[in-house]
Amino acid sequence: MVRPEDIQRFAGLGVIASIQPGHVPFDRRAAECELGARANRVYPFKQLKDAGTTLVSGADAPIAPPDPIHGIFCAVHRHLPDEKPDRAWYPAECLTVEDSLRAVTCDAAYAVGKESVIGDLAPGKYADFVVLSEDICAVPLRDLMNVKVKATAIGGRFVHGSF
């Protein structure tokens, strides 16, 4: 929960906001019940992003599913995969797939001071990556949860699956 006047302060102070999008659909009922009209200040992902705040996304497992595709889905839709789109909670706060992907890769590496060796695929960096069944940035948003991990590589060596 962020006060409106603090949204701009986050970016100005260089705050890195650690977000857990998988909590959004689970927390909405309690937030609305306990916070009333102030519930609109819970998880202001898009406002923070638009203000220039670096977002780092995680799962907070075992509280929320550790699947990063699930987290991306929740950041993009703000409802659970088995719910109807009209269940989006404060849809103006939805992130794009690209912003959500950045929050679990490049910006997460930056947050831990490892952007020179992890976070994206570039010469000289560790080749830690997954191979997905589809381009997560190109599938229709409603189909995000159909994207599956086909393989995982750590240090350039496949440790799971194949492609």
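As shown above, the structure is provided for reference.
Residues numbered from 1 in each chain as written. Predicted model: local features only at pLDDT ≥ 70, side-chain atom pairs only at ≥ 80, totals over all residues. Heavy atoms only, no water.

## Here's the deal with the sheet that holds strand β4 (residues 149-154)
Spelled out, the test is: A pair of strands is considered paired only if DSSP assigns at least 2 bridges between the two. Helix numbering and strand numbering both begin at the N terminus, where a helix is a DSSP run of H or I of at least 4 residues and a strand a DSSP run of E of at least 2. In this analysis, axes come from line fits to C-alpha atoms, helices being fitted only over the stretch in contact, and the angle between any two N-to-C directions falls in the range 0 to 180 degrees.
Spatially, three strands are ordered β3-β4-β5 in an open sheet, and the strand pairing comes out antiparallel. Whereas interior strands pair on both sides, the edge strands pair on one side only; in this sheet they are β3 (129-132) and β5 (157-161). Neighbour-to-neighbour, the strand axes of this sheet turn through a mean angle of 25 degrees, independent of strand direction. In this structure, β4 lies alongside β5, joined through four bridges in antiparallel fashion. Across the sheet, the residue bridging to I154 is R157, located in β5.

## What to know about the packing of aromatic side chains
Heads up, the condition is: Stacked, tilted and edge-to-face are the three classes applied to pairs of Phe, Tyr and Trp rings, where Trp contributes its six-membered ring and a pair requires centres within 6.5 Å; stacked means planes under 30 degrees apart, edge-to-face means over 60, and tilted covers the rest. A simple rule labels every residue: compare its accessible area, found with a 1.4 Å probe on the protein chains alone, to the largest value its type can have, and call it buried under 20%, exposed over 50%, or partly exposed in between. Lysine and arginine charges are scored as sitting over a ring when NZ or CZ, respectively, is within 6 Å of the ring centre and within 35 degrees of the ring normal.
Summed over all chains, the structure comprises three aromatic pairs. Measuring from ring centre to ring centre gives 5.8 Å for F129 and F158, while their planes differ by 85 degrees; the resulting arrangement is edge-to-face. Here F129, found in strand β3, pairs with F158, found in strand β5; they are 29 residues apart in sequence, far enough to count as distant. Given the relative accessible area of 40%, F158 is considered partly exposed. Of note, R78 hangs over the ring of F45, and the distance from its end group to the ring centre comes to 5.3 Å.

## Side note on the pairing of β4
As paired strands, β3 and β4 are joined by four bridges and run antiparallel to one another. Residue pairing across strands places L132 opposite V149, the latter belonging to β4. Taken together, β4 and the strand that follows it, β5, pair antiparallel across an intervening segment of two residues, in which G155 is found at a positive phi of about 60 degrees.

## Here we look at the nonpolar core
For the record, the criterion: Grouping buried Ala, Val, Leu, Ile, Met, Phe, Trp, Tyr and Cys residues that are joined through side-chain atoms within 4.5 Å yields what is termed a nonpolar core. In this description, contact between two residues means that some pair of their heavy atoms is separated by no more than 4.5 Å.
I19, Y43, F45, L55, W89 and L95 are the most contacted members of the largest nonpolar core, which has 17 residues in total. The set of elements that each furnish at least two residues to this core consists of β1 (16-19), α2 (24-35) and α3 (45-50). Excluding residues within four positions of it along the chain, L95 makes contact with I19, F45, K46, K49, L55, A75, V76 and S100. Membership of the second largest hydrophobic core comes to nine residues, among which are V76, V97, V139 and V147.

## Brief notes about helix α5 (residues 97-104)
Heads up, the rule is: Each C-beta atom gives one direction from the helix axis, and the arc is the one those directions make.
Turning to α5, its buried residues number three or more, namely V97, S100 and A103. Taken end-on, α5 shows its buried residues confined to a sector of 125 degrees, consistent with a single buried face. Its buried side turned inward, α5 meets β2 (54-57), α4 (68-77) and α6 (106-111).

## Points about the packing of α4 against α5
What counts is decided by this rule: An angle below 35 degrees is treated as roughly parallel, one above 145 as roughly antiparallel, one from 65 to 115 as roughly perpendicular, and anything else as oblique. When the near helix sits turned anticlockwise from the far one by under a right angle, the crossing is termed left-handed; a clockwise turn instead gives a right-handed crossing. Any residue outside Ala, Val, Leu, Ile, Met, Phe, Trp, Tyr, Cys, Pro, Asp, Glu, Lys and Arg is labelled polar, Gly included; the first ten of those are nonpolar and the last four are charged.
Between α4 and α5, the shortest axis-to-axis distance is 9 Å and the interhelical angle comes to 140 degrees. In terms of orientation, α4 and α5 fall into the oblique class. At the point where α4 passes α5, the crossing takes the right-handed sense. For the pair α4 and α5, the contacting residues are I72, A75 and V76 in the first and V97, S100, L101 and V104 in the second. Looking at side-chain class alone, the contact of α4 with α5 contains six nonpolar, one polar and no charged residues.

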